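Structure at a glance
The lines below spell out each chain.
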Amino acid sequence: MIQAHKLWKKFGRHDAVRDLSFAVPEGSAFALIGANGAGKTTTIKILMNILHATGGTAEVLGIDSRRLSPRELARIGYVSENQDMPPRMTVEQFVAYLRPFYPTWDAELEKSLLRQLRLPGERRIRDLSHGMRLKMALACALSFRPKLLVLDEPFSGLDPLVRDEFMEGLLHQAGEMTILISSHELGEIDGVATHVAFLDEGKLLFQESMNDVIARFREVRVTLEREPAASTHTPSDWVQLRTMGNVVSFVDTQFSKDALGERVKALLPGVRDIDTQPMGLRSIFTTLARTARESAV
Amino acid sequence: MVWHIFKKDWKLLWPFFLAVTAVQFIPAAIRVKLGLFGEDSVLGNALSSATDIACLGVALLAVAIIHQDSIPGVRQDWLVRPVRRGDLLVAKLLFVLGLVDGAAIAAATFQVLASGFSLRESLTAAFFQNLYLTCVITLPAIAVASTTRNTMEWVIGAIVTYLGVVYLAVAFAMIAPGDFSLRTGTAWITLSAGLIVILLGTCVVLGMQYIYRTTAVARGSIAVSCVLFVTVLGFLPWKALFAFQQHLSPEPGAAHSMTLSFDAGLGKYHQPSGLTLSDQELSERINKQGSSAELFLPLSISGLPDDSILKADKSQLRLISSNGTVVYRGVGEKLEVREEGTSNRQSSAYQEFDIPEAIYSPLKSQSLRVEIDYSLTLFRLDTAFGIPALGGDLRSPKVGWCETQVNESRSAVELRCMQAGNGPACATAFLENPSTGGRNPSPSRCEPNYAPRFLRTDTDPISHYGLDLRFRDPFGLARYPVDGPQLPKSQVVLRLYGPQDHFTRQLIIPAISLHDWEST
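The shown structure was predicted, so the numbers you read here are calculated from the model rather than taken from an experiment.

On to the overall build of chain B. Per the secondary structure count, chain B includes 10 helices and 15 strands. Seen through its principal axes, chain B has C-alpha atoms that stretch 85 × 65 × 40 Å. Taking all contacts inside chain B whose residues are at least 6 apart in sequence as the whole, residues at least 24 apart take part in 78%.

Here it is as structure tokens:
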């Protein structure tokens, strides 16, 4: 559905996106995760042909993103936290304006979405709250049953109630569509994303299915008989290594239940106990981001 | 989808559109109210501001239309919608050129109609005048608007563009001082070329923005267009311009028998008494004193047809020293020779050149070769009208609308005329008492504009012209054949001249001493 190949975007001397390659499978809910300034929005704007990449290419719906035409855009829904909609139009006017542009627009679905998201049709867009505006953008994006739905930081600044309404509206209509969602709030994509890609300072740290990510990351805590030697060499897939007395803790980024015990015993003599804990997405993200920054220093 | 986008903009902007349309009618109504004599000074002062506000209103509305879906930036909603950019551009142009300019045409048509001209003349004058305003206001406004996101950015862009053009114009004027073709009757060609540059520049900028969204390149195109515009206005070669005008001569070859020669026998020129000069001429003379030497070369002109006027559009002077070096190049002052009625004698005139004192002093006693390239136009009497000297009112397709009245100091009859589009290129008028045959001297108004009648480059679709015909000297030094008491029985004879032939002549004086021809 989306293929990015060695994307590069420079703003002056700053590299916002660096050598970024990833693929969004059809039917997936692909989460682009990263801290503020990681390059998520820039990447999405390149995919939507709003920005031109300095290098590399991207394909969206099988078309070079630089050649996206109204035909493709009629099958792409887009919701962004910083989308400027005509402020003097009412919700109804705006929806009515958009309707003829989409051959697949479903008027019944539009009505049900406006009702479900409790959007006031007669109110001007400039008088809507931030949350209301995002909900309106979502209603407009879903009403034509897009093949691809792109959500750029859709939860930013939303209170929990509005966020739930938004998610409800989204999940209710998700159906067969492919979703690309960017967020720095990991809790928000939990339960939505099937695939995830981590971005840090414009670089892709990894991308894989959510199940694989959850499966391969573990917080490991090893209790030794005595304090380990300072020169102990550890493998590169053990990150965030900490020693406190005779307790060594780290994050295993290639966790294998069968192999962990032998690997620990081979590297750390006098193992008394090994304790592993599954990690939440937030912890995985912060661990990876921290590791990437430390290795950059 | 063009119509759909157009309707969206209309729904959002109709109050602004109505306000701007109303503002268009204010200067039009003021001009109608001022009429021929424009005696209401309050309205006269308000007209300039009202015109500026109307132009600004059109520009701001055009900008608002473009900015409803601005091109630069990454946050606009329309960028992710299946909107054809061509449709968007056409919808915007339809609104700007159809509705906004349409309202301006309606206001101008109202003005011309209310001034008593026919509907056909009114529509034609309004349309062509608006074509000019579109080129100088609307098109640059939307070009800059397409490269900006909001009105504040546009204001900055417009100011930068304007200052850039002014700076370039000043710089170019310093490079080639006094050589602007804009001061001649061929100015319309230069201006038309400039307007074509604006039109093409706007097409390039809009194309860049609406097709490729390359704002940096589009802004560069604006800068290039400005440089080209100023270059065209300042540096179109005179020979090419005049050659083009020659091709448009109504009667090519009508002046083939006309000759121009240096006639030393006419003697040295003597400045007229200050009393006979107008205030403007007097102040020009005072300003020149000390900074430049006034050289007057006596000329003999033969072959002028009856009832004709010869006017020099440009006279380019070269002073060449005995070793063949060109020591000075300059442009002559205006030269106008009138041949009223029938006469076979030769006409004479003095050609004035103002030479900077610093150049003149070392050359004045030397023997120099003088070469003058003349670009000339022969005007022939087109038509003549008689209008009562008091309260005269004349309407005619050729002359437009003219009225006469006596001025406040009761020393002259004011003849004031207006014409839809451009007025006559040359006009003379005199007071005549048909019963006695007495006739007063006839002043002329000959500031030719060779543009087609309706190709008007002004904010007013109507041109105004007029002459003051003296019948009494307030100082009592002069007496006129037709004086005050005769006015009820007298008429103003208005003679309109049209250009017949544009042609060139070269005058060569093998050796003269400049000092001999300095004015006294």
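Moving on, there is more to tell.
So, on to the overall build of chain A. Secondary structure assignment for chain A yields 10 helices and 14 strands. Considering only C-alpha atoms, chain A reaches an extent of 75 × 40 × 30 Å along its principal axes. The contacts of chain A with a sequence gap of at least 6 include a subset with a gap of at least 24, amounting to 72%.

Attention now moves to helix 5 (residues 130-142) of chain A. Think of an α-helix as turning once every 3.6 residues; residues three or four places apart then point the same way. Residues and elements named next belong to chain A. Here helix 5 spans 18 Å end to end across 13 residues, near enough to the 18 Å set by a 1.5 Å rise per residue. Where burial is concerned, most of helix 5 is hidden: 10 out of the 13 residues are buried. Taken as a whole, helix 5 has its buried residues at Arg133, Leu134, Lys135, Met136, Ala137, Leu138, Ala139, Cys140, Ala141 and Leu142.

According to the domain assignment, chain B contains domain 1 (2-236), domain 2 (259-376 + 502-517) and domain 3 (381-498). Relative placement of domain 1 of chain B and domain 2 of chain B: their C-alpha centres are 42 Å apart.

Time to look at the packing of helix 3 (residues 85-114) of chain B against helix 4 (residues 119-145) of chain B. Residue and element names in this part refer to chain B. Contact geometry of helix 3 with helix 4 gives a least axis separation of 8 Å together with a crossing angle of 140°. Taken together, the axis directions place helix 3 and helix 4 in an arrangement best described as oblique. Here helix 3 runs over helix 4; the crossing is right-handed. Of the residues belonging to the contact of helix 3 with helix 4, the class tally is 14 nonpolar, six polar and two charged.

Here we come to the domain arrangement of chain A. Entries for chain A in the domain assignment read domain 1 (2-208) and domain 2 (218-278). Each of domain 1 of chain A and domain 2 of chain A has a C-alpha centre, and these two points are 41 Å apart.

Once that is clear, we can look at the interface of chain A and chain B. In this complex, chain A contributes 21 residues to the contact, which on the side of chain B involves 16 residues. Contributing elements (two or more residues each) for the side of chain A that touches chain B: helix 2 (70-73) and helix 3 (91-98) of chain A. Broken down by element, the residue count for the side of chain A that touches chain B peaks at three residues, all from helix 3 of chain A.

Glancing now at the environment of Phe255 of chain A. Residues and elements named next belong to chain A. Checked against the element boundaries, Phe255 lands in the loop between strand 13 (247-252) and helix 9 (257-267). Since 19 C-beta atoms lie within 10 Å of it, Phe255 is described here as partly exposed. Once the C-alpha coordinates of Phe255 and Phe217 are considered, the two residues, 38 residues apart in sequence, prove to be 5.8 Å apart.

Let us now look at the nonpolar core. Residue and element names in this part refer to chain B. Counting residues in each nonpolar core, the largest one holds 205 residues, and the members touching the most others are Val58, Ala62, Val100, Leu469, Val492 and Leu494. Among the elements that take part in this core, helix 3 stands out by supplying 13 residues, more than any other. Excluding residues that lie within four positions of it along the chain, Leu469 makes contacts with Ala412, Val413, Leu415, Ala429, Phe430, Leu431, Asn440 and Val492.

Turning our eyes to something else, we now look at the pairing of strand 10 (residues 203-209) of chain A. When strand 9 (residues 195-200) of chain A meets strand 10 of chain A, the two strands line up antiparallel, connected through six bridges. Residue pairing in the sheet places Ala197 of chain A in a bridge with Gln207 of chain A of strand 10 of chain A.

Another aspect to go through is the sheet that holds strand 13 of chain A. All names here are of chain A. What the four strands build is an open sheet, ordered 12-13-11-14; its pairing is antiparallel. Of all the strands in the sheet, just strand 12 (238-244) and strand 14 (271-278) have a single pairing partner and so form its edges. Neighbour-to-neighbour, the strand axes of this sheet turn through a mean angle of 15°, independent of strand direction. In this sheet, strand 13 lies alongside strand 11 (residues 218-224) in antiparallel orientation, the contact comprising six bridges. Paired with Val222 across the two strands is Val248, which belongs to strand 13.

Residues and elements named next belong to chain B. Interaxial distance between helix 1 (residues 2-34) and helix 3 falls to 9 Å at its minimum, and their mutual angle equals 20°. With respect to helix 3, the element helix 1 is oriented roughly parallel. Crossing geometry of helix 1 relative to helix 3 is assigned as right-handed. In the contact of helix 1 with helix 3, the residues fall into 21 nonpolar, three polar and three charged.

Rules used in this analysis
Residues numbered from 1 in each chain as written. Chains lettered and ligands numbered in written order. Predicted model: local features only at pLDDT ≥ 70, side-chain atom pairs only at ≥ 80, totals over all residues. Helix = DSSP H or I, 4+ residues; strand = E, 2+ residues; numbered from the N terminus. Contact = placed C-beta atoms within 7 Å. Expected span 1.5 Å × (residues − 1). Buried ≥ 20, exposed ≤ 12 C-beta atoms within 10 Å, placed from the backbone. Domains from an automatic or database assignment. Axes fitted to C-alpha atoms, helices over the stretch in contact; angles between N-to-C directions. Parallel < 35°, antiparallel > 145°, perpendicular 65-115°, else oblique. Left-handed = near helix turned anticlockwise from the far one by under 90°. Nonpolar A, V, L, I, M, F, W, Y, C, P; charged D, E, K, R; others polar. Core = buried A, V, L, I, M, F, W, Y, C linked by C-beta atoms within 7 Å. Pairing = 2+ DSSP bridges.

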